[in-house]
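Examining the three-dimensional arrangement
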Amino acid sequence: MNLIIYNLPMLYSKLFGKTKKQSKKYDSVNATLLIKAGFIDQVMAGTYTYLTLGLRVLTKIEQIIREEMDKIGNEVLMPSITPIAHWQQTGRFDTVDILMKTTPANIFAKAKNDTEYVLNPTHEEVVTPLAKKFILSYKDFPFALYQIQTKFRNEPRVKSGLLRGREFRMKDLYSFHTSEVDLKKYYEKSKEVYMQVFNRLGIGKDTVITLASGGSFTDDYSHEFQTICETGEDTIFYEKKTDTYYNKEVAPSLAPEVQYKDEKMLPRKDVLGKGIIGVEELAEFLKISVEKTTKTLIYETDDGRVIAAAVRGGYDINEDKLRKIVKCKALKLASAEIVKKITGAEIGFAGLLNLPKEVEVYMDESVDNRLNFETGANKTHYHSINVNFGRDLPKPKKFYDIKVTKEGDSNPKTKEKYQVYRASEVGNIFPLYAKFTEAFNYKFIDRDGKEKPIYMGCYGIGPSRIMGIIVEKYHDDKGIIWPNAIAPFQIHLIGLDLKDKSIKSKVFKVYKELLDKNVDVLFDDREEMTAGEKFADADLIGIPIRLVVSKRTGEKIEYKKRSENKTKLVYIKEIL
Ligand code: ATP
Ligand code: MG
């Protein structure tokens, strides 16, 4: 039989990128299994080649996304490289911390063209000027453009295989509106369409809409689509009473109370703890619980104020929450000089006692309700212990919530303890309002002939991360278990005893019948491999249905689902 007439990638013997016998264990299940099974190849950490099998999966994921996005937008394809001027116009060239640019690699390249370009991590800087070229009249609003494309981000730590890369796939959609009301309407619609995407991808029941920060320019939330997954890098907090999921940055928090058994107020003293800065180390050194320590950080605001913010040991300061309470546009940790000037001490020994009047002090509620607590002494290497409100410093009129929420915390409104889940962000939608349209001076002409602001939203999904998450969620100790909708093939056909001419011709006949019926089939036609090796490969690759034709199957075919253990003998007709 002339094999060439058949589609080559469907013959496993001809497939480039077969399973690996020896393959190392990577930092994540998805990298380990996808590389071992021949779906992807790691070029360097965070950068992968999609081999034939992997590309089929990625393409299926992207096609599902495309079909759903076509309901709410027009597909386009924007370039990956963009003039730096676009990014300067929005001010993001100097501020986006994951932004990358290209430069000519050597003197010859430099001599030919010395221009540098931005490698886009997102496309507001391309899509906004694009829209402005075409649509100006109120009659043409609302509209939305989307693309499915490769993005570049200078991630500080790439990890977990496809979950966090420096080069990765994204679907990004941008919508344009003549009013905030219209933006909100579209925004709500996009949530429905997104959930439909995740349902079709087989992760819908585990994907939840989570409140997240809307960015520094608004008090609004953005919404993340978080897929619950043990190995995800995000932590989300669920509050049952209001059926709300929050991400770590925005979850309001109430710390569990510290318990004191018959403890009395002790005399305050300053203790020398040379070089001891971290709260764990400090608590051990002082022989007190971490909850009794206090972390005080000094910040400078963009409008020139100096701020002291305090949380109890074990918590971190949430700068987003702090910024909103302090009412400033931006804040940063104060320089060593300012810290010295304000506290009289080196960084690391700032505390709540005797701060100068001009410093605004914000204490988290976790600092309250403690007895004999510790705080930096505002004296290099010294810590004050047995500090008490009322005696050593006045109790502040107000405490705040300025901490990063942790497992064990409650919601301050409902007093309900959060249920905490690990999750991975598969999508994120943002109301951008006029932030970018204003930067590009993009306005529309209304009915009354007047120019008015345009409101924008942006909507992302990560197809390559989704591929990784699906492997994280759907695998066993033998390999991947692909959901039907995105499996590289529907059927994994295995021929055994192929040296026997009659078996060989029977299995090729089955193969041809499947192809004729347009069934997506991967045919393991290798003669030299044992049954055991072929079965192990099928389990590793994870195609939903395995068919075996061998001496033993007679007129029938052995049928097995990847997700089940039982096999049965069936006729080809039943399969078709
Ligand atoms: P994260 O918080 O995980 O860094 P992000 O909020 O910066 O992501 P968005 O700008 O919202 O990401 O991008 C849209 C989607 O692209 C994300 O929801 C995620 O699914 C995917 N994505 C973002 N960064 C990466 C990455 N480094 N590798 C793979 N996928 C990514
Ligand atoms: Mg996001």
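That block above? That's the structure.
Described in the following lines is the structure provided in the data block.

Thresholds applied
Residues numbered from 1 in each chain as written. Chains lettered and ligands numbered in written order. Predicted model: local features only at pLDDT ≥ 70, side-chain atom pairs only at ≥ 80, totals over all residues. Heavy atoms only, no water. Donors = N, O, S within 2.8 Å, 3.2 Å for Na, K, Ca; no water. Buried < 20%, exposed > 50% of the residue type's maximum accessible area, 1.4 Å probe, protein only. Pairing = 2+ DSSP bridges. Helix = DSSP H or I, 4+ residues; strand = E, 2+ residues; numbered from the N terminus. Axes fitted to C-alpha atoms, helices over the stretch in contact; angles between N-to-C directions. Contact = heavy atoms within 4.5 Å. Core = buried A, V, L, I, M, F, W, Y, C linked by side-chain atoms within 4.5 Å. Near = heavy atom within 4 Å. Polar contact = N/O pair within 3.5 Å; in protein donor to acceptor, adjacent residues only side chain to side chain. Areas by Shrake-Rupley, 256 points an atom, 1.4 Å probe, with all protein chains shown as cover. Nonpolar A, V, L, I, M, F, W, Y, C, P; charged D, E, K, R; others polar. Salt bridge = Lys/Arg side-chain N within 4 Å of Asp/Glu carboxyl O. Phe/Tyr/Trp six-rings, centres within 6.5 Å; stacked < 30°, edge-to-face > 60°.

Quick word on the coordination of the magnesium ion (ligand 2)
- The protein atoms that coordinate the magnesium ion (ligand 2) are Glu425 (OE) and Asn428 (OD1), at distances of 2.2 to 2.4 Å.
- Classification of Asn428 by relative accessible area gives buried; the value is 15%.

Remarks on the sheet that holds strand β18 (residues 373-376)
- Strand order in the open sheet made by the 3 strands is β13-β19-β18, with antiparallel pairing throughout. At either margin of the open sheet sits one strand with a lone partner, and together these are β13 (269-272) and β18. Direction aside, neighbouring strands of the sheet carry axes that sit 30° apart on average.
- Here β13 runs beside strand β19 (residues 382-387); their pairing, made up of 4 bridges, is antiparallel. Bridge assignment links Asp270 to a residue of β19, and that residue is Ser384.
- Against the sheet, helix α7 (residues 279-286) contacts β13, β18 and β19, and its axis sits at roughly 110° relative to β13.

Re the nonpolar core
- Ranked by internal contacts, the top residues of the largest apolar core, which has 77 residues, are Phe39, Met69, Phe198, Trp482, Leu493 and Leu514.
- Take this core: its biggest share by element is 9 residues, from helix α6 (residues 180-201).
- Discounting residues that sit within four places of it in the chain, Trp482 has contacts with Leu34, Phe39, Val57, Met467, Ile470, Val471, Ala487, Pro488, Ile541, Gly542, Ile543 and Pro544.
- In this structure, Val127, Leu145, Phe444 and Ile454 belong to the second largest nonpolar core, which totals 17 residues.

Here's the deal with the site of ligand 1
- The local shell around ligand 1 holds 14 residues, among which Arg153, Glu155, Arg164, Gly165 and Glu425 are the closest.
- Here a nitrogen atom of ligand 1 and a side-chain polar atom of Glu155 are 2.8 Å apart.
- For ligand 1, the protein covers 83% of the area, taking 580 Å² as the surface of the free molecule.
- Within the residue set of the shell around ligand 1, elements represented by two or more residues are β8 (167-177) and β20 (419-433).
- The element that contributes the greatest number of residues to the shell around ligand 1 is β20, accounting for 4 residues.
- Taken together, the residues of the shell around ligand 1 break down into 5 nonpolar, 4 polar and 5 charged.

A few points about the pattern of salt bridges
- If you walk through the whole model with that rule in mind, you get 45 salt bridges.
- The salt bridge partner of Asp520 is Arg56, with a shortest N-O separation of 2.8 Å. Pair noted here: Asp520 is in the loop between α12 (501-516) and β27 (521-524) and Arg56 is in helix α2 (residues 52-69), with a separation of 464 residues, a long-range link.
- Using a relative accessible area of 22% as the deciding quantity, one classes Arg56 as partly exposed.
- Put simply, Asp303 and Arg305 hold a salt bridge, and the shortest N to O gap is 3.2 Å.
- Classification of Arg305 as partly exposed rests on a relative accessible area of 21%.
- Connected through shared salt-bridge partners, Lys321, Asp364, Glu365, Asp401 and Lys403 make up one network.

Points about helix α8 (residues 319-326)
- Among the residues of α8, those classed as buried are Lys321, Leu322, Arg323 and Val326.
- Its buried side turned inward, α8 meets β14 (294-301), β15 (306-312), β16 (331-333) and β17 (360-363).
- Residue Asn318 occupies the N-cap position of α8, its side-chain oxygen lying 3.0 Å from the main-chain nitrogen of Asp320.
- At the C-terminal side of α8, Lys327 shows a positive phi close to 60°.

Comments concerning the packing of aromatic side chains
- Taken as a whole and assessed by the stated rule, the structure comprises 20 aromatic pairs.
- On the basis of an interplanar angle of 45° and a centroid distance of 4.9 Å, the ring pair of Tyr194 and Phe225 is categorised as tilted. Within this pair, whereas Tyr194 is found in helix α6, its partner Phe225 is found in strand β10 (residues 221-228), the two being separated by 31 residues in sequence.
- When the centroid spacing of 5.8 Å and the interplanar angle of 75° are considered together, the rings of Phe389 and Phe399 count as edge-to-face. Taken as a pair, Phe389 in the loop between β19 and β20 and Phe399 in the loop between β19 and β20 lie far apart in primary sequence, 10 residues in all.

A short note on unusual backbone geometry
- Cis geometry marks the peptide bond from Phe141 to Pro142; its omega dihedral reads -5°.
- Within the secondary structure, Pro142 is located in the loop between α5 (124-134) and β7 (143-152).
- The backbone of Asn386 shows a phi angle near 55°, a positive value even though the residue is not glycine.
- Position of Asn386 relative to the elements: it lies in strand β19.
- On the accessibility criterion, Asn386 (11% relative accessible area) is buried.

Points about the pairing of strand β23 (residues 455-461)
- With 7 of its 7 residues buried, β23 lies for the most part within the structure.
- Neither face of β23 is open: one carries Tyr455, Gly457, Tyr459 and Ile461, the other Met456, Cys458 and Gly460, and all of them are buried.
- Sheet topology places β20 next to β23; 6 bridges connect them, and they run antiparallel. Opposite Gly427, over in β23, you have Ile461 as the bridge partner.

All quantities given are derived from atomic positions and should not be read as evidence of function.
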